[in-house]
Amino acid sequence: MIFDKMENIADYFEDLPLLEKVAEFVRDFNKNGKEDGTYEIDGDKVFAVISSYRTNPQTPEMMFEAHKKYMDVQYIVTGIEKIRWARLNSVDLVEERYSKGQDIAFYEGTPLFDFTLTKGTFLLLYPDDAHLPGLSAEKDVHVRKIVFKVMV
């Protein structure tokens, strides 16, 4: 996982060249804005999902998620959000949807670390990073976020 400010994303281009597409999209988004929705960036290699919602406190039925085909780059446009994190090998599989053509599985377990994302920060999550996004940091707030799906 990588936790940083979007202004530093170029530091990771050498190891993850598809992040250049993420940076281009963010620059265009900051200039021209975009509605909530899904945007193709580079075919099935990179796409973005823009969403607006309120964060919530964690409840017992909430589960970690992880992906095999894509890394997540979760970028906060406005607001503040807590994302709980655990190593995939430290959580227990509850439901996999890979066999149904979806790139997601759900897990239960104990978080190892909490990340608090604020405006302009991102969290890059690899396939071995289980994560539980959308949580309230201190109180429930409105968040606008772009989740980039970057093919591994």
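Here, the structure is the one placed above.
Remember, it's a predicted structure, so these values are computed and weren't measured experimentally.

1. So, the packing of aromatic side chains
- With the rule as written, the count across this model stands at 6 aromatic pairs.
- Pairwise contacts between aromatic rings join Phe3, Phe113 and Phe115 into one cluster.
- A cation sits over an aromatic face here: Lys68 above Tyr98, 4.4 Å from the ring centre.

2. Quick word on the pattern of salt bridges
- Evaluation of the coordinates by the stated rule reveals 8 salt bridges.
- Of the charged contacts, one joins Arg84 and Asp114 as a salt bridge, the two residues approaching to 2.7 Å between their closest N and O atoms. Separated by 30 residues along the polypeptide, Arg84 in strand 6 (residues 80-87) and Asp114 in strand 9 (residues 113-118) bring together distant segments of the chain.
- Residue Arg97 pairs with Glu95 through a salt bridge whose shortest N-O separation is 3.0 Å.
- For Arg97, a relative accessible area of 27% puts it in the partly exposed group.
- Judged by relative accessible area, Glu95 falls into the partly exposed class, the value being 27%.
- One connected set of salt bridges, linked through shared partners, spans Arg87, Asp128 and Asp129.

3. Focus on the nonpolar core
- In terms of nonpolar packing, the biggest core is built from 23 residues, with Leu19, Ile146 and Phe148 touching the most fellow members.
- When contributions to this core are tallied by element, the ones reaching two or more residues are helix 1 (19-32), strand 3 (46-54), strand 5 (70-78), strand 10 (121-125) and strand 12 (142-151).
- A per-element tally of this core places helix 1 first, with 6 residues.
- Among residues more than four places away in sequence, those in contact with Phe148 are Val22, Phe25, Val26, Ile41, Phe47, Ala48, Met71, Asp72, Val73 and Tyr75.
- The next biggest cluster of nonpolar side chains, apart from the first, holds 10 residues, and it includes Ala66, Ala86, Val91 and Ala105.

4. Here we look at the sheet that holds strand 2 (residues 37-42)
- Pairing within the open sheet is antiparallel, and its 6 strands lie in the order 1-10-5-12-3-2. In this open sheet, the two strands that pair with only one neighbour each are strand 1 (2-5) and strand 2. In this sheet, adjacent strand axes meet at a mean angle of 20° when their direction is disregarded.
- Pairing of strand 3 with strand 12 involves 9 bridges; the strand directions are antiparallel. Along strand 12, the bridge assignment pairs Val49 with Val147.
- Strands strand 2, strand 3, strand 5, strand 10 and strand 12 of the sheet are contacted by helix 1, whose axis makes an angle of about 150° with strand 12.

5. Brief notes about helix 1
- Look at helix 1: 20 Å from first C-alpha to last across 14 residues, which is about the 20 Å you get at 1.5 Å a residue.
- Residues of helix 1 that are buried: Leu19, Val22, Ala23, Phe25, Val26 and Phe29. Taken around the axis of helix 1, the buried residues stretch over an arc of 160°, which confines them to a single face. Away from its buried face by more than 90 degrees, helix 1 exposes Arg27, Lys31 and Asn32.

Thresholds applied
Residues numbered from 1 in each chain as written. Predicted model: local features only at pLDDT ≥ 70, side-chain atom pairs only at ≥ 80, totals over all residues. Heavy atoms only, no water. Phe/Tyr/Trp six-rings, centres within 6.5 Å; stacked < 30°, edge-to-face > 60°. Lys NZ or Arg CZ within 6 Å of the ring centre and 35° of its normal. Salt bridge = Lys/Arg side-chain N within 4 Å of Asp/Glu carboxyl O. Helix = DSSP H or I, 4+ residues; strand = E, 2+ residues; numbered from the N terminus. Buried < 20%, exposed > 50% of the residue type's maximum accessible area, 1.4 Å probe, protein only. Core = buried A, V, L, I, M, F, W, Y, C linked by side-chain atoms within 4.5 Å. Contact = heavy atoms within 4.5 Å. Pairing = 2+ DSSP bridges. Axes fitted to C-alpha atoms, helices over the stretch in contact; angles between N-to-C directions. Expected span 1.5 Å × (residues − 1). Arc of directions from axis to C-beta.

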